[in-house]
Protein chains: 2
Amino acid sequence: MTTTPPLTVGTGTDITWRTINAIRFLSVDAVQAAKSGHPGAPLGAAPMAWVLWDRFLKHNPCNPDWPDRDRFVLSNGHGSMLLYSLLHLTGYDLPLDEIRNFRQLGSKTPGHPERGLTPGVEVTTGPLGQGFANGVGLALAEKILANEFNRPGYEIVDHRTFAIISDGDLEEGVASEAASLAGTLGLGKIVYLYDDNEISIEGDTDIAFREDVAARFRAYGWHVTEPVDGNDLAAIATAIQQGVDETAKPSLVVVHTTIGYGSPNKAGTASSHGEALGEDEVELTRQALGWEHDAFEVPDDVRTNAGEAVGRGAAAESEWEARFSAYASEHPDLATRFKQDMAGELPDGWDENLNALLGTFDDPIATRAVSGKALHAIAPKLPRLIGGSADLAGSNNTMISGRGSFQPESPGGRNLHFGVREHAMGAVANGISAHGGLLPYGGTFLIFSDYMRGAVRVGALSELPAIWVWTHDSIGLGEDGPTHQPIGQLMSLRMLPNLTLIRPADADETIAAWKIAIENRHGPTALALTRQGLPSLASLGATAGAVGNVERGAYIAKDSEGEPDVILIATGSEVQLALGAAAALADEGVNARVVSMPSWSLYDAQPADYRESVLPSSVRARIAVEAGIATGWERYVGLDGAVVGMTGFGASAPGAAAMTHFGFTIENVTAKAREMLGR
Amino acid sequence: MTTTPPLTVGTGTDITWRTINAIRFLSVDAVQAAKSGHPGAPLGAAPMAWVLWDRFLKHNPCNPDWPDRDRFVLSNGHGSMLLYSLLHLTGYDLPLDEIRNFRQLGSKTPGHPERGLTPGVEVTTGPLGQGFANGVGLALAEKILANEFNRPGYEIVDHRTFAIISDGDLEEGVASEAASLAGTLGLGKIVYLYDDNEISIEGDTDIAFREDVAARFRAYGWHVTEPVDGNDLAAIATAIQQGVDETAKPSLVVVHTTIGYGSPNKAGTASSHGEALGEDEVELTRQALGWEHDAFEVPDDVRTNAGEAVGRGAAAESEWEARFSAYASEHPDLATRFKQDMAGELPDGWDENLNALLGTFDDPIATRAVSGKALHAIAPKLPRLIGGSADLAGSNNTMISGRGSFQPESPGGRNLHFGVREHAMGAVANGISAHGGLLPYGGTFLIFSDYMRGAVRVGALSELPAIWVWTHDSIGLGEDGPTHQPIGQLMSLRMLPNLTLIRPADADETIAAWKIAIENRHGPTALALTRQGLPSLASLGATAGAVGNVERGAYIAKDSEGEPDVILIATGSEVQLALGAAAALADEGVNARVVSMPSWSLYDAQPADYRESVLPSSVRARIAVEAGIATGWERYVGLDGAVVGMTGFGASAPGAAAMTHFGFTIENVTAKAREMLGR
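The structure presented is a predicted model; accordingly, all values stated were derived computationally and were not measured. Position numbers for residues count from 1 along each chain, tracking the sequence in the order it is written. Here chains are named by letter from A upward and ligands by number from 1 upward, in the order in which they appear as written. Only residues with pLDDT of 70 or above have their local features reported here, since the model is predicted, and side-chain atom pairs are shown and tallied only from 80 upward, although totals for entire chains, interfaces and linings are computed over all residues. No hydrogens and no water enter the side-chain calculation; it runs on all heavy atoms of the structure.

On to the sheet that holds strand S20 (residues 642-646) of chain A, then. Residues and elements named next belong to chain A. Here, a strand pair is defined by DSSP locating no fewer than two bridges between the strands. Helix and strand definitions follow DSSP, with helices as H or I runs of at least four residues and strands as E runs of at least two, each counted in order from the N terminus. One open sheet holds the 5 strands; their spatial order is S16-S18-S17-S19-S20, and the pairing between them is mixed. Every interior strand has two partners, whereas the edge strands, strand S16 (555-558) and S20, have only one. In this sheet, neighbouring strand axes are inclined to one another by 25 degrees on average, regardless of whether the strands run parallel or antiparallel. Inspection of the sheet shows strand S17 (residues 566-570) paired to strand S19 (residues 622-629) by 4 bridges, in the parallel sense. By the bridge assignment for S19, Ile569 is matched with Ala624. Helix axes use the C-alpha atoms of the stretch in contact, all axes being lines fitted to C-alpha atoms, and the angles between their N-to-C directions lie in the range 0 to 180 degrees.

Laid out in structure tokens, this is it:
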């Protein structure tokens, strides 16, 4: 910690203010060079950011992966240059050339911070509210891991989650959901600084946002300090310290700032928010803030001052390493597991119990029920698997029995209760995943994947492992009706890059899907599961099963005698119809091959010869069967094929009745095949 | 209004309690008959619901479309039988057989209430939070229309929006967003009853929801009355009256109830929430509540009592009709417009100024900019068009200049400011649409359609007109980077039934798209618009343009000389590439037809011969060009075609650089064509 500097208003010549101004002007200059970006937030929030980073943030610029670092989230990711400036100045591997190349192709300084691309960026932000909720996940992970791994005398896991958040974050529902959850769970190591600049893109925040934010957060169970002057460094430091000292509740510090601070003509206006100030205004701002340096110039004293983070960080990590070594001597198993978990490695034999389930389901069973059993088989072998449901645990089969609920009073409980907050569930799980050490899963009905789509996408973009357990995956769910029946969801989720969607057709495919999900370390995996019971494919005459096949995305579940006249491609609950239709067609002398295709993306990733072996280009008579929207299946059936699928919304009726009503019958599939073959 | 009845605890033999019990048992019996549904909410909430409907709700069961009726929303739509029971008993066209057929195929009593299917159901609910936010839209519409049409002495528009809401609604972010907006806008005619039963599906609400709801809503600027005993009819009535009397703020009444009230073994437990009680428990509940009637039996005295709503409603509407007649005499133009607007009819010449824009854009212009001009052309002719943006008005070009902002202080302002609340924007707009009299639009970036998807879907299911202005529709937006660049969004939105998605290719197509959007009375229309400037297709040699063609979804923008060797299909900003490639190919002697395909769904709705004329089945050499995910385009290019599209996420770079980087160049399209044709 540095000593408290002399304070002036918003600028000054001492080293602290000079550092703050260096942050401001790196940001402004980069935006100006790109002629694109957001100068307003860095100008206004640089003081609080620097106080936080300089006096509180525990981090090691030379090792952004140090497990016990504090996590920092810039939730208003459009202020990315604020973060890039901090990373650059404090010694992260982000050279000045990267700052100069802000927002250019191939740079490490994209328009909004991207996890995995830029050292020190914990989570991808920009879509507002995500970062706020990610931070709740980061803090939740810390609390879970601290409870799991710390031992008397050995605080191996002991760090905080800091964030800068904006009006826009607070307006987003996902942040409201996460704030309520954080308050409920008493995540006391959260300290968020609210950059309250009273300006939104459309003007004064009053036009859309008159609420009393402090009162709202107190209602959630947060500790709130307000108001703090955004140019009063001592007051900011005091308020952050209060937040740090409050360990039973998450803390919010309301910091009053001026957007575009220092810009004579644009400070306090929406115009400073999202566009370059302009050459002239940049110059005027330099004069106003007394910054007598060229564009992109970082004076040596500032570089030295900010660079102290390197030494402090190395010392802090060394101290932790020493502690960890002693811990490892005393608790070798825990230490090994901690390292393994943080590295995301799977322990030997993690899938032993899971594999033992294969082939054990003779009677029809819902894939959601099998999923629950798979979870129970995995969990004891893989303690880092943690999750829950958005208040549908019983329906999603996501509760792990005997492992308790995570609550303020029971931090060792391993079942999370997200409440009816799908979007926060997604973003909190992403935060848990980003923390490292845990593998999160979250359940809801497939239809409500719509509610959490914003988070699912950012997770996919960020390559964050997470498992989405989406049950009630078609009109087969029945009586709940069209409000709850997913129609376009399966297909539309296939359009999201880096999401592995798997819709298993029976118990074994479900078990195999869980294995893939656990092993997928480069992005989220979604399981689409039935409410209704499904017979095993083997019991319907399938000659190939899940093992070794689900991971290929599609496989021949039952081949025809001789060259196929027609190929029936189906997923999930509809594979049984394909098998039934193939049998019926065989009786009529029609050779039908049945392809079970649980995952498009896994199939598409196979070598061409494998794909050709499953769907030979010579066979154009193809019918896809899926109780979701038909549109899109032309990818595999082409212009000459057909689809037994949905063309509109569903209907409230018992599941079997709904299925029949919409044509999901063996008879209909058979008739389509006959029609196609002209028989 | 009836007189206050004698009160007992939760049941009784006077006619009020008998009516409440009739509601309860119709609900319980229907759930039991269906062996599916939610008995807990009706049992607990019937008293508040009946007090509200009997003493406060202004409605006419014989005319559910009476414009000045109060709007009632059951936001926790899973308690649908509560609403169906009320509708049946108060005399709506919902016979007992429909109650008996609860949740059966073809009934008017689906699992969750569906607008358009059941008389008296104002909005489709079930997906939690939607109803809450729809109610904000209903109340907002009332306030706008009251300001527009009322004249001294003539309160033509003067009704309230009531709702019953649940814990689950309050946990959902969309409700938080809408609550903050309602508080900001001072929507004083909202009175919501919160069915606070402290039970969620996963158990006690404490596991996920410990916040102080009353304090939170006060922070939003709501008037809150709490706590009210859910079995104390007088207290409920007093609290509702307080909410009614508070006209400057929306009101929340926190009503403490017991889920499954009266069920000896299931009251107060999650098990009464979402499954039939069981025959035995139904019988025990009958005994506990002293209900000595058979299943589905409605005693005459109850039918008479509840049926008084018919007479009261007819009288109320007659009174209004008389008032409206006098109003029509004094303000004939207003009266005519009111009727026209409520009927959703378009005034003659509404598109006069819009049509005048056609062909006027010679220089390249972004389609978002054209959209803004279209909006300005339409608005003066169609005052009922109202909307705004989720804090991106300047970027979305959604602000109508000179028409002011709707604020508590300026209820005549016609620009709405939704704040950074995409999901609420969607659901509030749906509520505005459901109210009637107004046609809402809402803008954000296409990427954030993900955030509002839950609302967009329910709007499509409900066939509610609304216009989504989604700009920045591809990687062409540039520097903001992959966090903001839509990849799978275009394609995934095509998978949503009843959403008309249009991605215009130039100014004229944009104007035509707006015309289609305004005229679409059976569902939402979404416009995907560019950030970047686009040349007119005509300037690139197109021989056919937007007029008469965009409504067909796809058309031949430029045909080849003679039979096409290859068809290039493109949308939006990529049609220029197709035209450029066709010209280049022509120089090489390759006949390329260019099809502009702004809307899949409109094209698919065309007669087969038109579709064949655009995409002849004989021409299999087809290339689709779209700066979105490639997957899905096989619908039109088949197994022999190719797609110039995205296969992963985008990149932060200037838009043109990003486009080039990902292969969206004339050269690449041309090369693909050559490759396909083996040249």
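Moving on: the confidence of the model for chain A. Do not read the fine detail of predicted coordinates wherever pLDDT is low. On average, residues of chain A carry a pLDDT of 96, and 99% of them reach 70 or more. The predictor rates its confidence in each residue with pLDDT, a number between 0 and 100. Contacts are residue-level and defined by heavy atoms, with any inter-residue pair within 4.5 Å sufficient. Scored below 50 in pLDDT, residues 1-7 of chain A makes 18 contacts in the model with residues more than four places away or belonging to other chains.

We define a salt bridge as a contact between a side-chain nitrogen of Lys or Arg and a carboxyl oxygen of Asp or Glu at a distance within 4 Å. Under the defined criterion, the tally for this structure stands at 62 salt bridges over all chains. Two residues, Asp450 of chain B and Arg457 of chain A, come together in a salt bridge whose shortest N-O distance is 3.9 Å. Residue Asp450 of chain B is located in the loop between strand S11 (439-445) and helix H17 (453-461), and its partner Arg457 of chain A is located in helix H17 (residues 453-461); the two belong to separate chains. Across the pair, Arg457 of chain A and Asp450 of chain B agree in class, each one buried. One salt-bridge network, in which partners are shared between bridges, spans Glu148, Arg337, Asp341, Arg384 and Arg414 of chain A. Any residue under 20% of the maximum accessible area for its type is buried, any over 50% is exposed, and the rest in between are partly exposed; the area is computed with a 1.4 Å probe on protein chains only.

A few words on the packing of helix H5 (residues 130-149) of chain A against helix H16 (residues 422-435) of chain A. Residue and element names in this part refer to chain A. Taken N-terminus to C-terminus, the directions of H5 and H16 make an angle of 55 degrees; their axes are 6 Å apart at the nearest point. Classed by the angle they form, the pair H5 and H16 counts as oblique. The element H5 and its partner H16 pack so that their crossing is right-handed. Where H5 approaches H16, its residues Gln130, Ala133, Asn134, Val136, Gly137, Leu138, Leu140, Ala141, Glu142 and Leu145 are matched on the opposing element by His423, Ala427, Val428, Asn430, Gly431, Ile432, Ala434 and His435. Split into classes, the residues belonging to the contact of H5 with H16 amount to 10 nonpolar, 7 polar and 1 charged. Geometric relationships in this document are graded by angle, where less than 35 degrees denotes roughly parallel, more than 145 denotes roughly antiparallel, 65 to 115 denotes roughly perpendicular, and other angles denote oblique. Each crossing gets its hand from how the near helix is turned against the far one by less than a right angle, where anticlockwise is left-handed and clockwise is right-handed. Asp, Glu, Lys and Arg are counted as charged, while Ala, Val, Leu, Ile, Met, Phe, Trp, Tyr, Cys and Pro are counted as nonpolar; the rest, among them Gly, fall into the polar class.

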